2 protein chains.
Amino acid sequence: MSFENNRQVILVTGGTGFAGSHLAELLLQHQSGEIHITQFSSKDSVDIPGFEHFKLHQVDLTNSDATVQLIQEVQPTQIYHLASFAYVGKSFEKGSSLLINNILLQHNLLEAVAHHAPQARVLVIGSAEEYGLSNKSEIPITEDHPFRPVNPYAVSKIAQDMLGFAYAQSYKLDIVRVRPFNHIGERQTGDFAVSAFAKQIVAIERGQQDVLLVGNLEGVRDFTDVKDMVAAYKILMEKGERGDVYNVGSGVGIKMKTILDQLVSFALVPIQIAVDESRFRPLDITTIVANNDKITELGWQTTIPLQNSLQRVLDYWRSIL
Amino acid sequence: MSFENNRQVILVTGGTGFAGSHLAELLLQHQSGEIHITQFSSKDSVDIPGFEHFKLHQVDLTNSDATVQLIQEVQPTQIYHLASFAYVGKSFEKGSSLLINNILLQHNLLEAVAHHAPQARVLVIGSAEEYGLSNKSEIPITEDHPFRPVNPYAVSKIAQDMLGFAYAQSYKLDIVRVRPFNHIGERQTGDFAVSAFAKQIVAIERGQQDVLLVGNLEGVRDFTDVKDMVAAYKILMEKGERGDVYNVGSGVGIKMKTILDQLVSFALVPIQIAVDESRFRPLDITTIVANNDKITELGWQTTIPLQNSLQRVLDYWRSIL
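On a predicted model such as this, the values are computed, not experimentally measured, just so you know.

Parameters and conventions
- Residues numbered from 1 in each chain as written.
- Chains lettered and ligands numbered in written order.
- Predicted model: local features only at pLDDT ≥ 70, side-chain atom pairs only at ≥ 80, totals over all residues.
- Helix = DSSP H or I, 4+ residues; strand = E, 2+ residues; numbered from the N terminus.
- Rg over C-alpha atoms; globule rule 2.2 N^0.38 Å.
- Buried ≥ 20, exposed ≤ 12 C-beta atoms within 10 Å, placed from the backbone.
- Contact = placed C-beta atoms within 7 Å.
- Least-squares fit on C-alpha atoms with pLDDT ≥ 70 in both.
- Pairing = 2+ DSSP bridges.
- Axes fitted to C-alpha atoms, helices over the stretch in contact; angles between N-to-C directions.
- Parallel < 35°, antiparallel > 145°, perpendicular 65-115°, else oblique.
- Left-handed = near helix turned anticlockwise from the far one by under 90°.
- Nonpolar A, V, L, I, M, F, W, Y, C, P; charged D, E, K, R; others polar.
- Expected span 1.5 Å × (residues − 1).
- Core = buried A, V, L, I, M, F, W, Y, C linked by C-beta atoms within 7 Å.
- Right-handed = clockwise from strand over helix to strand, strands pointing away.
- pLDDT = per-residue confidence, 0-100.
- Domains from an automatic or database assignment.

Draft legend 1. Summary view of the overall build of chain A. Regarding its fold elements, chain A presents nine helices and 13 strands. Here the C-alpha atoms of chain A give a radius of gyration of 19 Å, agreeing with the 20 Å that 2.2 N^0.38 yields for 321 residues. Considered along the principal axes of its C-alpha atoms, chain A spans approximately 55 × 45 × 40 Å. In chain A, buried positions account for 50% of the 321 residues. A separation of at least 24 residues holds for 80% of the contacts in chain A among residues at least 6 apart in sequence.

Draft legend 2. Layout of the relation of the copies chain B and chain A. When chain B is brought onto chain A, the operation consists of a screw motion whose angular component is 180° and whose axial shift is 0.0 Å, with 0.0 Å RMSD remaining. As the rotation angle and translation indicate, the two copies are arranged about a two-fold axis. Comparing interface residues between copies, 100% of those in chain B also sit at the interface in chain A, which points to an isologous, same-surface contact.

Draft legend 3. Representation of the sheet that holds strand 6 (residues 174-180) of chain B. Residue and element names in this part refer to chain B. Strand order in this open sheet of seven strands is 3-2-1-4-5-6-11, and the pairing throughout is parallel. The two strands at the open ends of the sheet, each matched to only one other strand, are strand 3 (55-58) and strand 11 (245-248). Adjacent strand axes in the sheet meet at a mean angle of 20°, parallel and antiparallel pairs treated alike. In the sheet, strand 5 (residues 121-125) pairs with strand 6 via five bridges, with the strands oriented parallel. Its bridge partner lying in strand 6, Val 124 is registered against Arg 177.

Draft legend 4. Quick peek at the packing of helix 2 (residues 64-74) of chain B against helix 3 (residues 95-116) of chain B. Residue and element names in this part refer to chain B. Contact pair helix 2 / helix 3: the axes reach a minimum separation of 9 Å and the direction vectors enclose 45°. In terms of axis orientation, helix 2 runs oblique to helix 3. The interaxial crossing formed by helix 2 with helix 3 has right-handed handedness. Facing Ser 64, Thr 67, Val 68, Ile 71 and Gln 72 of helix 2, the residues of helix 3 in contact are Asn 108, Leu 109, Glu 111, Ala 112, Val 113 and His 116. Grouping the amino acids of the contact of helix 2 with helix 3 by side-chain chemistry returns five nonpolar, five polar and one charged.

Draft legend 5. How the structure looks around helix 5 (residues 193-205) of chain B. Residues and elements named next belong to chain B. Taking 1.5 Å per residue as the helical rise, helix 5 with its 13 residues ought to reach 18 Å, and the 18 Å between its terminal C-alpha atoms agrees with that figure. The buried count for helix 5 comes to 11 of 13 residues, which makes it a mostly enclosed element. Taken together, the buried positions of helix 5 are Ala 193, Val 194, Ser 195, Ala 196, Phe 197, Ala 198, Lys 199, Gln 200, Ile 201, Val 202 and Ile 204. Looking at the buried residues of helix 5, the elements they touch are strand 7 (183-184), strand 8 (211-214), helix 7 (256-265) and helix 9 (306-320). Immediately beyond the C-terminal end of helix 5, within one or two residues, lies Gly 207, with a positive phi of roughly 75°.

Draft legend 6. Summary view of the nonpolar core. Of all hydrophobic cores here, the largest spans 190 residues; its most connected members are A:Val113, A:Leu123, A:Tyr233, B:Val113, B:Leu123 and B:Tyr233. Excluding residues that lie within four positions of it along the chain, B:Tyr233 makes contacts with B:Leu23, B:Tyr80, B:Leu123 and B:Val178.

Draft legend 7. Spatial organisation of the interface of chain B and chain A. Every contact between the two is made by 31 residues of chain B and, on the other side, 31 residues of chain A. Looking at the side of chain B that touches chain A, the elements that each hand over two or more residues are helix 3 and helix 4 (152-170) of chain B. By residue number, the principal contributor to the side of chain B that touches chain A is helix 4 of chain B, which donates 11 residues. Taken together, the residues that form the side of chain B that touches chain A break down as 21 nonpolar, seven polar and three charged.

Draft legend 8. Region of interest: the sheet that holds strand 5 (residues 121-125) of chain A. Residue and element names in this part refer to chain A. Pairing within the open sheet is parallel, and its seven strands lie in the order 3-2-1-4-5-6-11. Only two strands of the sheet have a single partner each, and these edge strands are strand 3 (55-58) and strand 11 (245-248). When the angles between neighbouring strand axes are averaged without regard to direction, this sheet yields 20°. Against the sheet, helix 4 (residues 152-170) makes contact with strand 5 and strand 6 (174-180), and its axis sits at roughly 160° relative to strand 6, the strand it touches most.

Draft legend 9. Quick peek at the pairing of strand 1 (residues 8-13) of chain A. Residue and element names in this part refer to chain A. Bridging between strand 1 and strand 2 (residues 33-39) involves five bridges; their strand directions are parallel. Across the sheet, Leu 11 pairs through a bridge with His 36, a residue of strand 2. For the segment spanning strand 1, helix 1 (residues 18-29) and strand 2, crossover handedness is right-handed. As judged from the four bridges shared by strand 1 and strand 4 (residues 78-81), these two strands associate in the parallel manner. When the bridges of strand 4 are listed, Ile 10 appears paired with Gln 78.

Draft legend 10. Structural detail: the environment of A:Ile158. The residue A:Ile158 is located in helix 4 in this model. Spatially, the C-alpha atoms of A:Ile158 and A:Ala128 are 9.7 Å apart, while their sequence positions differ by 30 residues. Here A:Ile158 is in contact with A:Glu130, A:Phe147, A:Pro149, B:Ile158, B:Ala159 and B:Met162, once residues within four sequence places are set aside.

Draft legend 11. Here's a closer look at the confidence of the model for chain A. Looking at chain A, pLDDT values average 94 and 97% of them are 70 or higher. Across the assembled chains, the prediction reports ipTM 0.94 with pTM 0.95.

Draft legend 12. Structural detail: unusual backbone geometry. All names here are of chain A. Here Ile 139 and Pro 140 are connected by a cis peptide whose omega angle stands at -5°. Checked against the element boundaries, Pro 140 lands in the loop between strand 5 and helix 4. Positioned with a positive phi, Gln 75 is a non-glycine residue whose angle comes to about 45°. For Gln 75, the location among the structural elements is in the loop between helix 2 (64-74) and strand 4.

Draft legend 13. Region of interest: the domain arrangement of chain A. All names here are of chain A. Here the domain parsing of chain A yields domain 1 (8-184 + 224-249 + 289-303) and domain 2 (193-219 + 253-288 + 309-320). If you average the C-alpha positions of domain 1 and of domain 2, the two centres end up 27 Å apart. With 13 residues of domain 1 at the interface, the matching set in domain 2 holds 10 residues. Residues that form the side of domain 1 that touches domain 2 fall into these classes: nine nonpolar, three polar and one charged.

Draft legend 14. Seen up close, the environment of B:Lys255. Residues and elements named next belong to chain B. Mapped onto the elements, Lys 255 comes out in strand 12 (residues 254-255). The partly exposed category is assigned to Lys 255, around which 14 C-beta atoms lie within 10 Å. If we ignore the near neighbours within four places in the chain, the residues touching Lys 255 are Glu 218 and Val 220.

Draft legend 15. Looking closely at the packing of helix 4 of chain A against helix 4 of chain B. Look at helix 4 of chain A against helix 4 of chain B: their axes get within 9 Å of each other, and the N-to-C directions meet at 155°. Judged on the interaxial angle alone, helix 4 of chain B and helix 4 of chain A are roughly antiparallel. Here the hand of the crossing between helix 4 of chain A and helix 4 of chain B comes out right-handed. Note on element contacts: helix 4 of chain B touches helix 4 of chain A through B:Pro152, B:Ala154, B:Val155, B:Ile158, B:Ala159, B:Met162, B:Leu163 and B:Ala166, opposite A:Pro152, A:Ala154, A:Val155, A:Ile158, A:Ala159, A:Met162, A:Leu163 and A:Ala166. Considered class by class, the residues forming the contact of helix 4 of chain A with helix 4 of chain B number 16 nonpolar, no polar and no charged.

And the structure:
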């Protein structure tokens, strides 16, 4: 299905967040249509290039009336539903609020779309965390890998994904689901490993911290630049098979230790590293690497080398600290 | 693992509900130990044989503090976690409250167990609804059938099931998961098809209703007597493989039309039937039949013929209406 001849009314929920803000930038560059973004709180940063071109809605999507009002007002033709709490490491402590938040805002959005914008195409955002544990023979992970989640965040994303499936089937909504693997870039919070490393390196460069504290470095992950990730979202909005689900990841596994070494090599001062066991999770998944055959068949590929992404993350933290 | 030589402290959440009350009766007959049951509201019926032998706790398990207090006070060694909202047909209307309720009470219970009774064995209750859509070649449904849910109730049970998996992995809790297929018997509410049929037949027998209203009768389901179902729960508590998941169902598919014909044949007066399209769901699953190899290998089998169950359901409605 192609929308290229129609002017779109695009809604990006969580549009001031990490991936949301990069997506909004991309859509603006492509003059893809009228772009509405939502943010949960006016305290959230809105330091996004081109921000003045977006229509900003402050709305709590866990409130069903507010969500209905938003959908009625905007009448979107395309919805990128990126609003979500994203805490993997902290997800046991914050389990209840994380589960309620992520599941309610998915349910409310799909209900509002079913009743007030049933023609809209909706991109539902899952996570590679849904897959959880894998045997070696299951790597790289395809979309039919069973769910073996190891934390409440992963369960909240399974529920979002499965609500997307259920509404696509029962209400015949035009839903495409995506399961992004790790992605990095400017504006990601320090709760995520790569940003946590970069933030500490900058603090050490400034003489504000002595030692870089790290968790488990043995895990193998699949890192994609956030700009490549949101390009995949745009491709899925335009070309994804209705009702289907797509992995997005580079397909290349890299040890966290290698990421750390690369970042440290960019530092302006020598960096001392120490293991902080409080950063270990109850159970850490050994390897998460995507089989990305389905999304590459739609024409997607990664364009930004990892070193470039890591350098930009470091420069970002230098610019804001 | 066998507990036969130890006195158990058993907690049945939702113990005044449909399956919960039958399970409590069974445990009492077997003098399985000290039996604690929870109920959400004092308005719930407590007309259960032997009720005076149970220790009743009125507690809202969506309240995490109350759940912690319950687990600290009871110090259970076995927990049958049956508390749950069970609305399949109404689950789109009641989606938010159903999702929040079922997911929160599962999360709160597992958190409380992880921190205050980590040795307890916990039975987590999923549902055949988790499987949702199937191809013909996938019938009967094994435990590794992918999740293809078609309503919010099914998604809430997937989340409960997956939280059970995550806590078993990350906190090494002694969790067994079960996916019950349809079950029927006394004390099931009129929201479920067989009870809805029986309730209406009794109303027609009493001259209070003219016509029996039905929804879709083409679906094929797998019906087990609730007494056989809770016997499976007891077997799983005693012999289920830690961390594993088990279907429970008869393995026999039967058309809803056949169930209806059987019930109508038991009626004391002629019954006229009419289709009520408001009883149709947005999407109804064609066939749900269990592959029960795993549970039968543990020694479980059905013992109660379907006609017996149907006659008892009818007699139950005659006794309470």
